[in-house]
Amino acid sequence: MFPTFEDILLAHNIQISLLKIGKPKPFADLVIASICINNGEELVTRDSDFLDIAEVSDLKLKFIS
């Protein structure tokens, strides 16, 4: 999948929300999360950065510890 303009815009908006709580994330992670959100997909990961992203967005997340 390639990111769309909507994915990039959502990633930017999520970063703004993360900055407000003092937890900015790498933009690549935000784009991955945005693609999942915009396509109604669940993200399965071991990367704990996505826990904070899910906290401020509609990301469906399955975290594997």
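Everything here concerns the structure above.
The residue numbering used here restarts from 1 in each chain and proceeds along that chain's sequence as written. Totals for whole chains, interfaces and linings use every residue, but because this is a predicted model, local features are given only for residues with pLDDT of at least 70 and side-chain atom pairs only at 80 or more, for both listing and counting. Values reported for side chains reflect all heavy atoms of the structure, with hydrogen atoms and water molecules removed beforehand.

Before going further, it helps to spend a moment on the side chain of D52. Starting at the N terminus, helices and strands are each numbered in turn, a helix being any DSSP run of H or I of at least four residues and a strand any DSSP run of E of at least two. The residue D52 is located in helix α3 (residues 49-55) in this model. What D52 contacts, discounting residues up to four positions off in sequence, is L18, K23 and K25. The contact criterion used is simple: two residues touch if any of their non-hydrogen atoms lie within 4.5 Å.

It is worth spelling out the pairing of strand β2 (residues 60-63) at this point. Pairing between strand β1 (residues 42-45) and β2: four bridges, direction parallel. Among the inter-strand pairings, L43 is bridged to a residue of β2, identified as L61. For the crossover that starts at β1, traverses α3 and ends in the parallel β2, the hand is right-handed. When DSSP locates at least two bridges between a pair of strands, those strands are taken to pair. The definition of a right-handed crossover adopted here requires that, viewed with the strands pointing away, the path from the first strand over the helix to the second runs clockwise.

A few words now on the pattern of salt bridges. Any carboxyl oxygen of Asp or Glu that lies within 4 Å of a side-chain nitrogen of Lys or Arg is treated as forming a salt bridge with it. Counted according to the given criterion, the structure contains three salt bridges. In this structure, D49 engages K25 in a salt bridge whose closest nitrogen and oxygen atoms are separated by 3.7 Å. A residue pair is termed long-range when its members are at least 10 positions apart, and D49 in helix α3 and K25 in the loop between α1 (5-20) and α2 (27-38) qualify at 24 residues. Overall, K25 belongs to the buried group, its relative accessible area being 12%. One network of salt bridges, with partners in common, ties together K23, K25, D49 and D52. When accessible area is computed with a 1.4 Å probe and restricted to protein chains, residues below 20% of their type maximum are described as buried, those above 50% as exposed, and intermediate ones as partly exposed.

Multiply 1.5 Å by the residue count of a helix minus one, and that product is the helix's expected span. Helix length check: α2, at twelve residues, gives a terminal C-alpha distance of 16 Å against a target of 16 Å (1.5 Å per residue), a fit within 8%. Three or more residues of α2 are buried, namely D29, L30, V31, A33, S34, I35 and C36. Along its buried surface, α2 packs onto α1, β1 and α3.

Only C-alpha atoms enter the line fits that serve as axes; for helices the fit covers just the stretch in contact. Angles between N-to-C directions range over 0 to 180 degrees. The geometry of α1 relative to α2 is characterised by a closest axis approach of 8 Å and an angle of 120 degrees between their N-to-C directions. Classed by the angle they form, the pair α1 and α2 counts as oblique. Between α1 and α2 the crossing geometry is right-handed. On α2, the residues that touch E6, D7, I8, L10, A11, H12, I14, Q15 and L18 of α1 are F27, L30, V31, S34, I35, I37 and N38. The residue inventory of the contact of α1 with α2, partitioned by class, reads ten nonpolar, four polar and two charged. Orientation categories follow fixed angle ranges, with anything under 35 degrees roughly parallel, anything over 145 roughly antiparallel, 65 to 115 roughly perpendicular, and all other angles oblique. In this scheme the crossing of two helices becomes right-handed for a clockwise turn of the near helix relative to the far one and left-handed for an anticlockwise turn of less than a right angle. Residue classes follow a fixed rule: Ala, Val, Leu, Ile, Met, Phe, Trp, Tyr, Cys and Pro count as nonpolar, while Asp, Glu, Lys and Arg count as charged, and any other residue, Gly among them, counts as polar.

Tracing the backbone through its elements, the reader meets D7 in helix α1. A sequence separation of 51 residues divides D7 from D58, and the C-alpha atoms of the two residues are 13 Å apart. With sequence-adjacent residues up to four places away left out, D7 is seen in contact with F2, S34, I35 and N38.

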